[in-house]
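# Structure at a glance
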Amino acid sequence: MFVSGLILVVTLIAGAVLLWPRVANVKLWRATMTPLASIIGSGFLVLGPILDFQYGKYAPLVMLALCVGAYLFGGAIRHNIRLRGAHDEDPDKFVARLEVGGSWTLALAYVISVAYYLNLFGAFGVSLTAWDTQFAARILTSAILALILAVGWFKGFRALERMEQVSVSVKLAIILGLLVGLAIFFGKEASADKLVFLEPKSSGWAAISLAFGLIVTVQGFETSRYLGATYDHVTRIRSMKLAQVVSSAIYMIYIGFVAYVFQGNELHLEETAIIDMMKVVAPILPLLLVAAALTAQFSAAIADTSGSGGLVAELTGGLVSERQAYAILVGIALVFTWTVDLFEIISYASRAFAIYYGVQSAIAAASAHRVLGHKGKTALYASLAVLGFMIAILGTPAEGG
């Protein structure tokens, strides 16, 4: 009970600080919250069980590789923001044409990510009830998709988007509470000489391709690229860097604790496996995690639905309206919901974002060559473009069980 009480106190204090106007209204922090919320949203709920189950004692190294890869792709996007400058315009016509292709790939990625977010919402929504089945989770996911379509079609998303800052602060506060609980649990296990060093279930090429399929779990930093209407390009670059550094630190601490405290028979690769794992740490954590999951997934789905609708309307010159784009998105998300499991959706979303990162890296390479004439940067960004497309082609889903 002491640990649960401490976790609750830390969560409440952290939440109060994050919602305190003097913190919440700081310009750089406001700009950072959008990418930070996306990076450590859904990924935080599924990465621990997947990495521990598949990679065992090497899970922190895989987490480090994902963070470094994401930071390098972020570097390509920051390069593009910098060159677009204060007026947010492409410096070259060829680069501008590539940017249109990048926007289409992002719209596609948003569509799949909404299915990802809301399938997690459904799984966590029924996880602590008597109806904890895949069918019930899919019914709940479908109902939320219908609600999102109805709100977007008839009212627009402005009212729902006001939830974002509150939900982000709640989620970050709960994560801090969880890390405190894990730190105490890790310390107890270490002092009792009970740390566990599991052998990996995946190795060689299978391990690499599985890691490729997890890139979506550290995705979200690219949202800084599209905040030009609110923040100048310097603030957006700084906010993306800060979001990636903070999220990487949180992920590394989290995986460092999780990887060495659970026995093999305590690990089950399911959508809500994190709940069963955290029951061992403190009784209060499952309830807090479900609260974090529901608020985070719903607000993220709203943001990506709105973003996708706006992008499609812009790219088609209004031929497809935002409302029609919402309907198409919801239809595709429903197909994903009823035909594939969550781990496959994660893999598909990873592929879509990898294509987007590949295109953004290609844009960075083209501009580094055509505008700057910088051979080193051209080679770096061209290599990242190849890596992005390789991830899209070769990434594989984790297998639940």
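Higher on the page you've got the structure.
I will try to describe carefully the structure that is included in this document. Note that this is a predicted model, so its numbers are computed, not measured.

Time to look at the overall build of the protein chain. From N to C terminus, the protein chain includes 16 helices and zero strands. Here the C-alpha atoms of the protein chain give a radius of gyration of 21 Å, agreeing with the 21 Å that 2.2 N^0.38 yields for 401 residues. Within the protein chain, the proportion of its 401 residues that are buried is 55%. In the protein chain, the proportion of contacts linking residues at least 24 apart, taken out of those at least 6 apart, comes to 84%. Counting only carbon and sulfur atoms, one obtains 66% of the accessible surface of the protein chain, whose full area is about 16,700 Å².

Take the environment of Leu242 next. With respect to the helices, strands and loops of the structure, Leu242 is situated in helix α11 (residues 233-258). C-alpha separation for the pair Leu242 and Thr32, spaced 210 residues apart in sequence, amounts to 6.8 Å. Not counting residues within four places of it along the chain, the set of residues in contact with Leu242 comprises Leu28 and Thr32.

Glancing now at α11. The terminal C-alpha atoms of α11 lie 37 Å apart, and with 26 residues this matches the ideal 38 Å at 1.5 Å per residue to within 8%. Taking the backbone nitrogen of Val234 as reference, a side-chain oxygen 3.0 Å away marks Asp232 as the first, capping residue of α11.

Where helix α13 (residues 285-315) contacts helix α14 (residues 322-339), the two axes come as close as 8 Å, and the packing angle between them is 125°. Put simply, α13 runs oblique to α14. Here the hand of the crossing between α13 and α14 comes out right-handed. Between α13, through Asp304, Thr305, Ser306, Ser308, Gly309, Gly310, Val312 and Ala313, and α14, the contact on the second element is made entirely by Glu322, Ala325, Tyr326 and Leu329. Its residues assigned to classes, the contact of α13 with α14 comprises five nonpolar, five polar and two charged.

Taken N-terminus to C-terminus, the directions of helix α6 (residues 93-126) and α14 make an angle of 55°; their axes are 9 Å apart at the nearest point. What the angle tells us is that α6 and α14 run oblique. Pair α6 / α14 crosses with right-handed handedness. Across from Val111, Ile112, Val114, Ala115 and Asn119 in α6, the residues of α14 making contact are Leu329, Ile332, Ala333, Phe336 and Thr337. Tallied by class, the residues present in the contact of α6 with α14 amount to eight nonpolar, two polar and no charged.

In this section: the pattern of salt bridges. Under the criterion given, the structure shown has two salt bridges. One salt bridge connects Lys27 with Asp232, and the closest N-O pair in it is separated by 3.3 Å. With Lys27 in helix α3 (residues 27-39) and Asp232 in the loop between α10 (204-212) and α11, this residue pair connects regions lying 205 residues apart in the sequence. Take Lys27: its relative accessible area is 41%, and that puts it in the partly exposed class. When its relative accessible area of 35% is taken as the criterion, Asp232 is described as partly exposed.

In this structure, Leu51, Met63, Tyr116, Leu178, Tyr251, Tyr254 and Met278 are the most contacted members of the largest nonpolar core, which totals 115 residues. Top contributing element to this core by residue count: α6, with 14 residues. Residues within four places of Tyr254 in sequence aside, it is in contact with Phe44, Gly48, Pro49, Leu178, Leu179, Leu182 and Ile274.

Together, Trp205, Ile208, Val386, Met390, Ile393 and Leu394 line one region of the surface with nonpolar side chains, adding up to about 560 Å² of accessible area. Put simply, the parts of the chain that give the nonpolar patch at least two residues each are α10 and α16 (375-394). Among the elements that line the nonpolar patch, the one with the most residues is α16, at four residues. Secondary-structure assignment places Trp205 in helix α10. For Trp205, a relative accessible area of 48% translates into the label partly exposed.

Here we take up the environment of Ile139. Inspection of the secondary structure assignment puts Ile139 in helix α7 (residues 134-154). Spatially, the C-alpha atom of Ile139 lies 34 Å from that of Ala70, the residues being 69 residues apart in sequence.

On to α3. With 13 residues, α3 extends 19 Å from end C-alpha to end C-alpha; this agrees with the ideal 18 Å at 1.5 Å per step. Taken as a whole, α3 carries its principal kink of about 35° at Met33; the proline Pro35 stands between one and four residues after it. Every buried residue belonging to α3 is among Trp29, Ala31, Thr32, Met33, Pro35, Leu36, Ala37, Ser38 and Ile39, and all of these are buried.

Now for the environment of Val168. With respect to the element layout, Val168 can be found in helix α9 (residues 163-191). A relative accessible area of 4% places Val168 in the buried class. Separated by 153 residues in the primary sequence, Val168 and Gly15 have C-alpha atoms spaced 9.6 Å apart. Every residue in contact with Val168, bar those within four places of it in the chain, is listed here: Met33 and Ala37.

Rules used throughout
Residues numbered from 1 in each chain as written. Predicted model: local features only at pLDDT ≥ 70, side-chain atom pairs only at ≥ 80, totals over all residues. Heavy atoms only, no water. Helix = DSSP H or I, 4+ residues; strand = E, 2+ residues; numbered from the N terminus. Rg over C-alpha atoms; globule rule 2.2 N^0.38 Å. Buried < 20%, exposed > 50% of the residue type's maximum accessible area, 1.4 Å probe, protein only. Contact = heavy atoms within 4.5 Å. Areas by Shrake-Rupley, 256 points an atom, 1.4 Å probe, with all protein chains shown as cover. Expected span 1.5 Å × (residues − 1). Polar contact = N/O pair within 3.5 Å; in protein donor to acceptor, adjacent residues only side chain to side chain. Axes fitted to C-alpha atoms, helices over the stretch in contact; angles between N-to-C directions. Parallel < 35°, antiparallel > 145°, perpendicular 65-115°, else oblique. Left-handed = near helix turned anticlockwise from the far one by under 90°. Nonpolar A, V, L, I, M, F, W, Y, C, P; charged D, E, K, R; others polar. Salt bridge = Lys/Arg side-chain N within 4 Å of Asp/Glu carboxyl O. Core = buried A, V, L, I, M, F, W, Y, C linked by side-chain atoms within 4.5 Å. Patch = residues over 30% accessible without salt bridge, like charges linked within 9 Å, V, L, I, M, F, W, Y side chains within 5 Å. Bend = angle between axes of the 7 residues up to and from the residue.

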